[in-house]
Amino acid sequence: GDSVTQTEGPVTVSESESLIINCTYSATSIAYPNLFWYVRYPGEGLQLLLKVITAGQKGSSRGFEATYNKETTSFHLQKASVQESDSAVYYCALGWPSSFSKLVFGQGTSLSVVP
Amino acid sequence: DPKIIQKPKYLVAVTGSEKILICEQYLGHNAMYWYRQSAKKPLEFMFSYSYQKLMDNQTASSRFQPQSSKKNHLDLQITALKPDDSATYFCASSQDTYEQYFGPGTRLTVL
């Protein structure tokens with residue numbers, strides 16, 4: 001079946017440093033899946049951070065960005081300068097543009113940003 | 001205002017008992033889902049529903065039964081609870097296909 005692998009956590013980064021959380025996927029279909037990053041802040045539910053549904057495109061939100069690379073089947077999450085408020089668990093996921101299809105998630109990467 | 005409500009937030013149950021997890025969405029979406037996240041594991045898809053009809057079921061056990069009394073409700077009944085059922089259960093909804101919105105989760109502990 002489909003699978004998503006992301007950077008093993010926990011990850012600790014100093015405030016204003018750069019961040020990269022790796023995400024690679026394996027899909028059973030020859031089609032290209034939709035790719036997502038979700039974030040879960042402490043005490044809250046998952047929120048969609050960004051999405052890209054076209055291979056080769058880049059998505060961005062709140063200073064984060066991720067580029068859909070179909071050659072390397074990757075969707076790494078990057079931010080140039082993190083803040084304490086970015087401390088959360090980040091989930092990479094894939095889905096298919098068919099009706100009511102499930103999302104397949106990576107294991108999540110816990111990020112702590114320290115002053 | 002929260003758009004997807006899950007109740008309760010925390011739930012403790014004894015082995016062999018039965019519990020119902022509540023989910024209501026106020027986004028006007030036509031599809032709802034349940035996912036489960038056990039300790040140290042990724043979120044796993046369980047069910048999807050649309051207009052109160054089951055669309056996909058990837059839960060092997062019949063002990064997990066979704067119940068939809070209204071199109072914006074999708075509760076999850078779990079019978080004969082086992083310690084392995086301990087997890088956080090997330091409800092989600094979407095309009096048609098991708099971009100699912102998630103609730104805050106119900107953390108279930110089975111003793």
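The rules we used
Residues numbered from 1 in each chain as written. Chains lettered and ligands numbered in written order. Predicted model: local features only at pLDDT ≥ 70, side-chain atom pairs only at ≥ 80, totals over all residues. Heavy atoms only, no water. 1 Å grid on protein atoms, 1.4 Å probe; cavity = no way out; pocket = protein on both sides within 12 Å on 5 of 7 lines; lining within 4 Å. Points joined across faces, edges and corners; volume = space filled by probe spheres on them. Nonpolar A, V, L, I, M, F, W, Y, C, P; charged D, E, K, R; others polar. Helix = DSSP H or I, 4+ residues; strand = E, 2+ residues; numbered from the N terminus. Contact = heavy atoms within 4.5 Å. Pairing = 2+ DSSP bridges. Axes fitted to C-alpha atoms, helices over the stretch in contact; angles between N-to-C directions. pLDDT = per-residue confidence, 0-100. Buried area = accessible area lost by both parts, 1.4 Å probe. Salt bridge = Lys/Arg side-chain N within 4 Å of Asp/Glu carboxyl O. Polar contact = N/O pair within 3.5 Å; in protein donor to acceptor, adjacent residues only side chain to side chain.

On to empty space enclosed by the protein. Empty pockets left among the atoms are what a rolling probe the size of a water molecule brings to light. In this structure the tally under the stated criterion is two cavities of 30 Å³ or more. Here the largest cavity is characterised by a volume of approximately 50 Å³. For the lining of the largest cavity, the residue count by class is five nonpolar, six polar and one charged.

Checked against the element boundaries, Val11 of chain A lands in strand β2 (residues 11-14). Setting aside anything within four residues of it in sequence, one finds Val11 of chain A in contact with Leu19, Thr109, Ser110, Leu111 and Ser112 of chain A.

In this structure, the largest pocket spans a volume of roughly 730 Å³. Lining the largest pocket are 27 residues, and of these Arg40, Val89 and Tyr91 of chain A together with Gln37 and Arg107 of chain B lie nearest its centre. Put simply, the parts of the chain that give the lining of the largest pocket at least two residues each are β10 (88-95) and β12 (109-114) of chain A together with β9 (87-94) and β11 (106-110) of chain B. Among the elements that make up the lining of the largest pocket, the one with the highest residue count is β10 of chain A (three residues).

Strand pairing in a sheet relies on backbone hydrogen bonds. The paired strands run either parallel or antiparallel. Residue and element names in this part refer to chain B. Strand order in the open sheet made by the four strands is β1-β3-β8-β7, with antiparallel pairing throughout. Among the strands making up the open sheet, the edge pair consists of β1 (4-7) and β7 (64-67). Between one strand and the next, the sheet's axes are offset by a mean angle of 15°, whatever the strand orientation. Across three bridges, strand β3 (residues 19-25) lies against strand β8 (residues 75-78) in antiparallel orientation. Looking across to β8, one finds that Lys19 is bridged to Ile78.

Let us now look at the confidence of the model for chain A. Per-residue confidence for chain A gives a mean pLDDT of 93; residues scoring 70 or more make up 99%. Here strand β6 (residues 46-52) of chain A is the element of chain A with the lowest mean pLDDT, 93, and strand β9 (residues 77-79) of chain A is the one with the highest, 98.

Contact with chain B, which involves 23 residues of that partner, is made by 22 residues of chain A. Roughly 1,800 Å² is buried in total at the junction of chain B and chain A, and carbon and sulfur atoms are behind 62% of that figure. Here chain B and chain A share one salt bridge between them. One salt bridge connects Lys51 of chain A with Glu99 of chain B, and the closest N-O pair in it is separated by 2.8 Å. Our count for the contact surface shared by chain B and chain A stands at five residue pairs in polar contact (both at pLDDT 80 or more). For the side of chain B that touches chain A, the secondary-structure elements that each account for two or more residues are β4 (31-37), β5 (44-50) and β9 of chain B. Among the elements that line the side of chain B that touches chain A, the one with the most residues is β4 of chain B, at four residues. Residues belonging to the side of chain B that touches chain A are distributed by class as follows: eleven nonpolar, nine polar and three charged.

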